[in-house]
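# Inside the fold
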Amino acid sequence: MDNLKPYVQQHKERFINELIEILKIPSISADSAFSQDVIDTSEAVKTALENAGCDHVEICETPGYPIVYGEKIIDKNLPTVLVYGHYDVQPPDPLNLWNSPPFEPVIKKTEIHPEGAIFARGSCDDKGQMYMHVKALEYMTENNNLPCNVKFMIEGEEEVGSESLAWFVKQNQEKLANDVILISDTGMISNTQPSITTGLRGLSYVEVEVTGPNRDLHSGLYGGAVANPINVLTKMIASLHDEDNHITIPGFYDNVEELSAAERAEMAKAPFSLEDYKNAIDIDAVYGEKGYTTNERNSIRPTLDVNGIWGGYTGEGAKTVIASKAFAKISMRLVPHQDWVEITELFKKHFESIAPKGVRVVVKPHHGGQGYVTPIDNIGYKAAAKAYEDSFGVTPIPQRSGGSIPIVALFEQELKSKTILMGFGLDSDAIHSPNEHFGIFNYLKGIETIPLFYKYFTELSSK
Ligand code: BES
Ligand code: MN
Ligand code: MN
């Protein structure tokens, strides 16, 4: 693979322009107004995989959005890498906070990305990272050096819970049979210190509704005499953490895996500057569970966060009113051994039990998924580490992430293989936020690193 770097350099303008075309399609899976765009994106991914050299590509229909499946099988006796990614994106709002329209990609230099970054919704999560794999395959097929078999499975519902993918995986075990699953949908520490993600948190997402009186009331005539659903809801939410920021739901921590002092000491070795962390998001202090560091709080500890809250009058000026209803969306990030279905039940039981008389509470579970941790003493991790050593000249650090890709635990359960998370995004790339971007350096480095993973994985498999 001596010509890998020159090949990427020679074709980089085209690689960037092809990605830009895919970023222009607003494949927002959460909003049905964009359903045709989501479907159009699946077609664009299919064409890209065909052009990159897959022998067989198909659009697999599901009860939801289609899954694009592609493969190139060169020899049944060689190992098979299954690449997973997603072509759907998060809604871009609030739109007014974008410096350029989210589906009109532009390249701009930033302090962290002096070589420029592509600004667009999905640039990092996950179209840009998914497309690195397509271009890595192009390199290997064009240069006749694909060392093993490859399968692609690119879905369009990751940002809304991967329901159709779970259905698809369960009934296609043979088609999806593989020796390792490779995903680029996470991040790394920095452009000079790559890391390999070895853990993902689980998730339980719920919506709550508090109803008081049967209609909105005059807050003077009724205020003080009936339960105000917004007052009640905020009080109930506040009670979900104690003064040390522990979560108060009975049983919530029962199965939480506690790390040993040695494991925590190992984690603390990863380069991290609290000052930089605070400056990057403009806060004067961090906040969280007592007894844990910032990196522990956002990776090995479970959390509970309100993601949205609404009710009553929020228009211009003042309106004196007690709303009939108040709502909130709440997510709980979970760690290994916490079962998301069980946690959802515990939340529901507890939240209903703390409702005062005078209101009715409904808890509606949305979606969820189990967490994931992967050992580092397997050939998948070793192959990834060697690939980064070649492309970055630095040994990557294993690191658990706070984010969730719920389908990964299901892959292990149904397909019995390990997942390697080779993410090339940075925390500062603003995924899910306005002005999401992906560094050109990161995009090209990803394309350079992936073929090396194939090479080392194949070599280590034959030993
Ligand atoms: N790619 C992210 C997950 C991620 C990002 C993991 C960075 C680690 C580092 C994925 O698209 C995502 O946003 N997942 C959701 C969960 C999903 C069920 C909506 C999340 O983590 O909120
Ligand atoms: Mn993603
Ligand atoms: Mn996402």
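Along each chain, residues carry numbers from 1 onward, in the same order as the chain's sequence is written. Labels follow written order: the first chain is A, the first ligand is 1, and so on. Thresholds applied to this predicted model are a pLDDT of at least 70 for local features of residues and 80 or more for the giving and counting of side-chain atom pairs; totals over whole chains, interfaces and linings are not thresholded and use all residues. Values shown for side chains rest on all heavy atoms present in the structure; no hydrogens or waters enter the calculation.

Per an unreviewed UniProt entry, the protein chain goes by the name Dipeptidase and belongs to Aureibaculum algae.

For a metal with four tetrahedral donors the ideal donor-metal-donor angle is 109.5 degrees, whereas six octahedral donors ideally subtend 90 or 180 degrees. Nitrogen, oxygen and sulfur within 2.8 Å of a metal are treated as its donors, or within 3.2 Å for sodium, potassium and calcium (Na, K, Ca); water is not counted, so a site can appear incomplete. Coordination of the manganese ion (ligand 3) by the protein involves D125 (OD), E159 (OE), E159 (OE) and H432 (NE2), with metal-donor separations of 2.1 to 2.5 Å. Working rule for geometry: tetrahedral if four donors all subtend angles between 85 and 135 degrees; square planar for four, octahedral for six, if opposite donors exceed 155 degrees and the others stay between 65 and 115; irregular in every other situation. Because the angles between the six donor atoms bound to the manganese ion (ligand 3) fall within 55 to 153°, the donor set is best described as irregular. Taken as a pair, the manganese ion (ligand 3) and the manganese ion (ligand 2) lie 3.6 Å from each other and share D125 as a ligand. With a gap of 34 residues between them, D125 in the loop between β5 (117–119) and α3 (127–142) and E159 in the loop between β6 (149–155) and α4 (163–171) connect regions that are remote in the sequence. Side by side, D125 and E159 carry an identical accessibility label, which is buried. Put simply, DSSP marks the helices as runs of H or I at least four residues long and the strands as runs of E at least two long, and each gets a number from the N terminus on. Burial classification: accessible surface area is computed with a 1.4 Å probe over protein chains only, and a residue below 20% of its type maximum counts as buried, one above 50% as exposed, and the rest as partly exposed.

With that out of the way, let us pick up the pairing of strand β9 (residues 202–211). For β9, the tally of buried residues reaches ten of ten residues, placing the bulk of the element in the interior. Both faces of β9 are covered, namely the face carrying G202, S204, V206, V208 and V210 and the face carrying L203, Y205, E207, E209 and T211. Strand pairing is assigned whenever DSSP detects at least two bridges linking the two strands. Where β9 and strand β13 (residues 325–334) come together, ten bridges link them in antiparallel fashion. Each bridged residue has a counterpart across the sheet, and for V206 the counterpart in β13 is I330. Pairing between β9 and strand β14 (residues 360–369): eight bridges, direction antiparallel. Each bridged residue has a counterpart across the sheet, and for L203 the counterpart in β14 is G369.

Quick look at a nonpolar patch on the surface now. Together, F272, L274, Y277, I281 and I283 make up an exposed nonpolar region whose accessible area comes to about 410 Å². Mapped onto the fold, F272 is located in the loop between α6 (261–267) and α7 (274–281). What goes into a patch is any residue over 30% in relative accessible area without a salt bridge, connected to like charges within 9 Å or, for nonpolar side chains (Val, Leu, Ile, Met, Phe, Trp, Tyr), within 5 Å. Here the accessible surface of atoms and residues is derived via Shrake-Rupley with a 1.4 Å probe, and residues count as covered only by protein chains that are part of the display. Each reported salt bridge corresponds to a side-chain nitrogen of Lys or Arg within 4 Å of a carboxyl oxygen of Asp or Glu.

Let us now look at the nonpolar core. V81, F152, Y443, F453 and Y454 are the most contacted members of the largest nonpolar core, which totals 64 residues. Contacts are assigned to residue pairs that have any heavy atoms within 4.5 Å of one another. Setting aside residues no more than four positions away along its own chain, F453 makes contact with V81, V180, L182, G380, A383, A384, A387, I420 and M422. For our purposes a nonpolar core is just a set of buried Ala, Val, Leu, Ile, Met, Phe, Trp, Tyr and Cys residues, chained together by side-chain atoms within 4.5 Å. In this structure, V208, I247, F252 and I343 belong to the second largest nonpolar core, which totals 23 residues.

Let us now look at α3. How far a helix is expected to stretch is found by multiplying one less than its residue total by 1.5 Å. Given a rise of 1.5 Å per residue, 16 residues ought to cover 22 Å, and the 22 Å separating the end C-alpha atoms of α3 matches this to within 8%. For α3, a buried count of 15 out of 16 residues is recorded, marking the element as mostly surrounded by other parts of the structure. Two residues or fewer past α3, N144 is found with a positive phi of approximately 50°.

Strand order across the open sheet formed by three strands is β4-β5-β18, with antiparallel pairing between neighbours. The outermost strands of the open sheet, each flanked by one partner alone, are β4 (106–108) and β18 (437–439). Pairs of neighbouring strands in the sheet enclose a mean axial angle of 30°, with direction left out of account. Pairing of β4 with β5 involves three bridges; the strand directions are antiparallel. In the sheet register, V106 faces β5, and the bridge partner there is F119. Sitting on the sheet, helix α12 (residues 440–461) is in contact with β4, β5 and β18, with an inclination near 60° to β18. Think of each axis as a best-fit line through the C-alpha atoms, taken over the contacting stretch in the case of a helix, with angles from 0 to 180 degrees between the N-to-C directions.

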